[in-house]
Every structure is written in C-alpha cells, then in structure tokens.
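In case you want the letters, here they are:
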Amino acid sequence: MSTEDHFDIIIIGTGAGGGTLAHRLAASGKRILVLERGRFLPREKANWDTVQVFQKDRYHTDEIWSGNGNTQLRPGIGYWVGGNTKVYGAALFRLREGDFETVVHRGGISPEWPLKYRDFAPYYTQAERLYNVHGKRSLDPTEPEMAEEYPFPAVSHEARIQEIHDDLRRKDLHPFFMPLGIKLNEADRPNSACIRCDTCDGFPCLVHAKADADVNCVRPASAASNVTLMTEAKVSRLHTSPSGHEVTGVEVQAGGLSYVFSADVVVVSCGAINSAALLLRSANERHPDGLANSSGQVGRNFMKHQNGALVSVARKPNPSVFQKTLAINDFYWGDKDFQYPMGHVQLMGKVNKDMLAMDAPAFAPGMALAQMSKHSVDWWLTAEDLPDPENRVEVVNDRITLRYRDNNVEAYDRLVKHWTEVLKSIGCGERIVPCSFYFRKKIPLQGVAHQVGTCRFGEDPQTTVLDINCKAHDLDNLYVVDGSFFPSSGAVNPALTIMANALRVGDHLVDRLG
C-alpha cells in the first residue's frame, strides 16, 4: 500500500465503535482504510486458562499509564482487532429512557442528552440483530419502550440460578433474563456455536461464539474489496491543513516504518481514553491545546462507572457452569428509603478457585478456595459515575495520565448494602467474602472497561467537543465514534449504546459522502 493512497474514509480502531462503523460502511462502496494498533487475538488454549487470563493478564496491554499522584497503573484493556469486545461479557443493555434526561443523583446531576432514547431506539434494534442479542422483553420494569422482541430467545437459567430467580420473585422483585450477545442455539445444541462454557465473561472465546466486533463486524467488512484492514498499525498523530479546518494526514507507525494516509473523512474510534489522548497528542499551531479542543473539553468528564464484584457464599452448592443469565434493576432509580438512583445488578461468569486466589491471603489453602467457589454465586454491581470536568485524560511527557476522583459513592454503597441484605434474605449469602472479587471496595482506577465521556457531543461548541453527529465542532472532516461522546454514563454496560451510535453515525456518513 502506498502512502500516496487517498481513501474516502479512514477508521482508527476496531472495537465496539470502529468495528461496528466499518461493518455499516462496507456496503457503501466507498474506499475505506481501517487501522488497528493490535493484531488478531490468537486462538490458543490459553484463551480459556484462568491463570493466564486473570492472574497473568495475558490479553491486557503491558502499557503503563499514570494515575492520581503520578502513580503507575497498568490499564485493564487490550489492543486487538475487535478491541475490548474480545474479552467483554457481552451483556448488551439499552440505556433506560430516563438516562437521556436530566437525572438528579445524591451525588450530583447527570445532564440531559441532546438526542433522546427515541433517536437511538431503531439503532438499538439493529445493533441487537448485528450482535446476536438474546433476551426477553417486558420482564424488567425499567425497560425502555421497544418495538419488537429480541432477535434471539433468552438464555435459560441453570437450576441454581432458576431457584434464585424464583426466590427473588417471591420477594416481589423483578429479575429478568440478561441480554447477551452470544451465538447460542439451545434448541439445537449439537449445532450451536456457543457451548455454554464457564470461560466466557472476561475470557476470549476460543470457538468464536461470542458476538464481538472482530468476528461479527470487522472480518465480514474486511472481506469487501473496498475495505482495507491494516493491523499492528498505531496512529501517532493527526495532521491538519494550514487553515486547521480539516484533517489532511493520519500518521501511522507500522513494521518499523512511518506512513501518512489521507481521507475525505477521518474517524477516531480508539476508546474514550485513547481517542482523547490522540487528539491531545495532535496539537499544532492552529490547535495548540489539541485537535477539536477549542472548548478545552477534550479529555474531561471521563467516566468509568462505580463498578464492583460481589461473591456471596451459601451453604447450598452452585454447580452452574454458564451462570451469567440474570439481572435486576429494581433499585436502578432508587427505592422508598433512598429517592435517588442506586444502580444495576447482574450475575457475573462463575468464579473459580484461581480467580479467588488473586485476592486470598497467601496461606489460604487451595482446597478451601475450591470449596468456596463451588458454593458461590457471583454478582456485578454498577452505579452511575457522574461527569466531572476534573476527572480527565491528559498526556504528560507522552504518557496517558488519568486524573480521577470517585463520586456518587453513597449510591454505590447503598446498592451494595441493599443487595447484600436481599441475598441474605433468600439464603444466598451466609458468608460475605471480603476480597476484591466481592468488592467492598470498588474496581480500582485501572479497571476502565466501561470508559465513556472525554469528548462529549452536543450543540454548543463552547461546552462540547462533538456535534450531534459526532463530528468535531472545530474540524470539517473529523469524527469520534466510540464511548467518548457520552454526556453521562447511566448504570448499565455502555457497549450496546456505542454500537447503536456507530450505526447511527454510519448512516449520516453514507448520506454525507453520497
């Protein structure tokens, strides 16, 4: 490929945003260059090895960032074709209708979005089809209005989880089937790609049965003759015209060489943190504070959710293999004792002794951990992380630096306390494990899987970075299509909203380019 090549569109990144966008645009016939700093994640036995995946961080980057107080941190992200969807849990939720409005929290305000749920609804439906989402409508009282049933049937509960479901129902709660992006056919198990294994949540899928951006989007898109995929190609900076009004060059480091490519439209889809960092690194005479940053908002309002894991241990064994099938939103908007939103609860993948060992004292016997894991039921709790301009991404001495202070802490703490009481009331929490897999403390700063914010979209160029089509206010041909555009975080996994928005922006780009 020659550096003289000019493309209609360059997409930088292949995760939930960039991968989905590439898939939407592939049929347009436009010449598209997709740049990915990583390579295809290898299919190997280590994909399903807990020690390799969790204890040795085999699929996370070795990159070191700086955190609060200039501490060093190794972020929990990976650079692969498909981005972090290669190891996500594939829980694909729509934001609640109310999440698009102004929301008053105990810890502050979530701002109104410039677009509403109705603007995203048709794209949510398309994204659910594209990512093989299984689920069941009308069970969750916070569920937004939906035009049709999920494209695939709900993933069934195993026996112990069904018992917990029934116990929760008897408490007048509303557990529901989690919407999951997996390629499972329970009616024809011999021919099902998904085998309902215990190495899904947080693991790469060896059999390609997880609906990730690589398998579902990038591979089909790159098969088109008009799409070129370049892997192990790290974009170091963007160049602009002398006027500063458009991006004229994308500088790429690949194979020890430097290339500069150009396109009519350049889309940055590196994830909320790396997208902000790329814009900041691309500062020039016309954009001294970084591209698209006349507002001073690039990198600000970084959010990652108040997330935690909770392992409850009961006398009753839990032989579940594929455990991640149930969620509950009864406390999403609060309750009679707390008139503010608390958050969302869902099952995690089943923990095992090697996961528990990561936080157990060195003297803890393996047999005890094995017994504990056989009796555990494992939960993921999410409270909303509120936008704060001082929570931000910076580039200092060419290193990504995260400045972050927890907020909305009371909502998260109340959710943990409330859910602990519920579990004890149904005999599912005789013992509460005080370790990081039952986080009384929250996921630490390096846990940035739910990263959003940093380049908010809106109508006012003085307070936002992007317009409502995710084009930079300051440049005519620069778009950011990943979690960066979120004005607020809601309290459910952001992946489906990122995917739906990529489809929405894709339609806009098709119209723009004609």
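The notes below deal with the structure included here. (Residues numbered from 1 in each chain as written. Predicted model: local features only at pLDDT ≥ 70, side-chain atom pairs only at ≥ 80, totals over all residues. Heavy atoms only, no water.)

A separate point is the overall build of the protein chain. Looking only at helices and strands, one finds ten helices and 22 strands in the protein chain. The globule rule puts the C-alpha radius of gyration for 514 residues at 24 Å, and the 22 Å found for the protein chain is close to it. Along the first, second and third principal axes, the C-alpha set of the protein chain runs to 70 × 50 × 50 Å. Residue burial in the protein chain is summarised as follows: out of 514 residues, 60% are buried. Restricting the contact set of the protein chain to residue pairs at least 6 apart, pairs at least 24 apart contribute 73%. For the protein chain, the exposed area adds up to about 19,700 Å²; of that, 49% sits on carbon and sulfur atoms. In the protein chain, which carries 56 positive and 62 negative side-chain charges, the distance between the mean positions of the two groups comes to 6 Å. (Helix = DSSP H or I, 4+ residues; strand = E, 2+ residues; numbered from the N terminus. Rg over C-alpha atoms; globule rule 2.2 N^0.38 Å. Buried < 20%, exposed > 50% of the residue type's maximum accessible area, 1.4 Å probe, protein only. Contact = heavy atoms within 4.5 Å. Areas by Shrake-Rupley, 256 points an atom, 1.4 Å probe, with all protein chains shown as cover. Lys, Arg positive; Asp, Glu negative; His and termini not counted. Charge placed at Lys NZ, Arg CZ, Asp CG, Glu CD.)

So, on to the sheet that holds strand E7 (residues 133-135). If you trace the three strands from one edge of the open sheet to the other, you get E8-E7-E10, paired in mixed fashion. Two strands close off the open sheet at either side, each with one partner strand: strand E8 (152-153) and strand E10 (180-181). Note: E7 against E10, two bridges, orientation antiparallel. Along E10, the bridge assignment pairs histidine 134 with leucine 180. (Pairing = 2+ DSSP bridges.)

On to the pattern of salt bridges. Any two side chains of opposite charge can pair if their charged atoms end up close together. Tallied over the full model, the rule gives 31 salt bridges. Measuring nitrogen to oxygen at the nearest pair gives 2.9 Å for the salt bridge that ties glutamate 128 to arginine 94. On the criterion of sequence distance, the pair formed by glutamate 128 in helix H3 (residues 117-130) and arginine 94 in the loop between strand E4 (72-73) and strand E5 (103-105) is long-range, its members being 34 residues apart. Across this residue pair, the class does not change: glutamate 128 and arginine 94 are buried. Residue aspartate 337 is joined to lysine 336 by a salt bridge in which the shortest nitrogen-to-oxygen separation is 3.3 Å. Both residues of the pair, aspartate 337 and lysine 336, count as exposed. Where salt bridges share partners, they join Lys86, Asp212, Asp214 and Arg219 into one cluster. (Salt bridge = Lys/Arg side-chain N within 4 Å of Asp/Glu carboxyl O.)

To continue, consider helix H5 (residues 213-222). The buried fraction of H5 is high, at seven of ten residues. By the burial criterion, the buried members of H5 are Ala213, Asp214, Val215, Asn216, Cys217, Val218 and Ala221. Packed against the buried residues of H5 are helix H1 (18-26), H3 and strand E11 (227-230). Capping the start of H5 is the job of one residue whose side-chain oxygen sits 3.0 Å from the backbone nitrogen of aspartate 214: aspartate 212. (Polar contact = N/O pair within 3.5 Å; in protein donor to acceptor, adjacent residues only side chain to side chain.)

Along strand E17 (residues 344-347), one buried face is formed by His344 and Gln346 and the opposite face, lined by Val345 and Leu347, is buried too. Alignment of strand E16 (residues 326-328) against E17, held across two bridges, turns out to be antiparallel. Note on E17: the bridge partner recorded for alanine 327 is glutamine 346.

Turning our attention to the nonpolar core. One finds Ile12, Leu35, Tyr131 and Leu238 to be the most contacted residues of the largest nonpolar core, which totals 113 residues. The element best represented in this core is helix H10 (residues 495-513), accounting for nine residues. Beyond its immediate stretch of four places on either side in the chain, leucine 35 contacts Ile10, Ile11, Ile12, Gly13, Met230, Ala233, Val235, Val250 and Val252. (Core = buried A, V, L, I, M, F, W, Y, C linked by side-chain atoms within 4.5 Å.)

A word on the packing of H3 against H10. As a packed pair, H3 and H10 sit with axes 8 Å apart at the nearest point and diverge in direction by 110 degrees. Classified by the angle between their axes, H3 and H10 sit roughly perpendicular to one another. Contacts between H3 and H10 involve Asp119, Phe120, Tyr123, Tyr124, Gln126, Ala127, Glu128 and Leu130 from the former and Leu496, Thr497, Met499, Ala500, Asn501, Leu503, Arg504 and Asp507 from the latter. Here the contact of H3 with H10 is built from residues that sort into nine nonpolar, three polar and four charged. (Axes fitted to C-alpha atoms, helices over the stretch in contact; angles between N-to-C directions. Parallel < 35°, antiparallel > 145°, perpendicular 65-115°, else oblique. Nonpolar A, V, L, I, M, F, W, Y, C, P; charged D, E, K, R; others polar.)

Along helix H6 (residues 272-281), nine of the ten residues are buried, which leaves the element largely enclosed by surrounding structure. All of the buried residues along H6 are Ala272, Ile273, Asn274, Ser275, Ala276, Ala277, Leu278, Leu279 and Leu280.

Any two packed helices are characterised by the angle at which their axes cross and by the distance between the axes. Relative to each other, H1 and H5 sit at 35 degrees, their axes nearing to 8 Å. In terms of crossing hand, the pair formed by H1 and H5 is left-handed. Packed against H1, whose contacting residues are Gly19, Thr20, Ala22, His23 and Ala26, the element H5 presents Ala213, Asn216, Cys217, Val218, Pro220 and Ala221 at the interface. Of the residues contributing to the contact of H1 with H5, the split by class is seven nonpolar, four polar and no charged. (Left-handed = near helix turned anticlockwise from the far one by under 90°.)

This part is about the environment of cysteine 217. Relative to the elements of secondary structure, cysteine 217 occurs in helix H5. Here the alpha-carbon distance between cysteine 217 and glutamate 145, two residues 72 residues apart in the chain, equals 27 Å. If sequence neighbours within four positions are ignored, cysteine 217 has contacts with Gly19, Thr20, His23, Leu130, Tyr131 and Asp212.

Turning our eyes to something else, we now look at the side chain of threonine 420. Along the chain, threonine 420 turns up in helix H9 (residues 409-425). Look at threonine 420 and you get buried, because its relative accessible area is 7%. Polar contacts involving the side chain of threonine 420 include one to the main-chain carbonyl oxygen of valine 416, which spans 2.7 Å.

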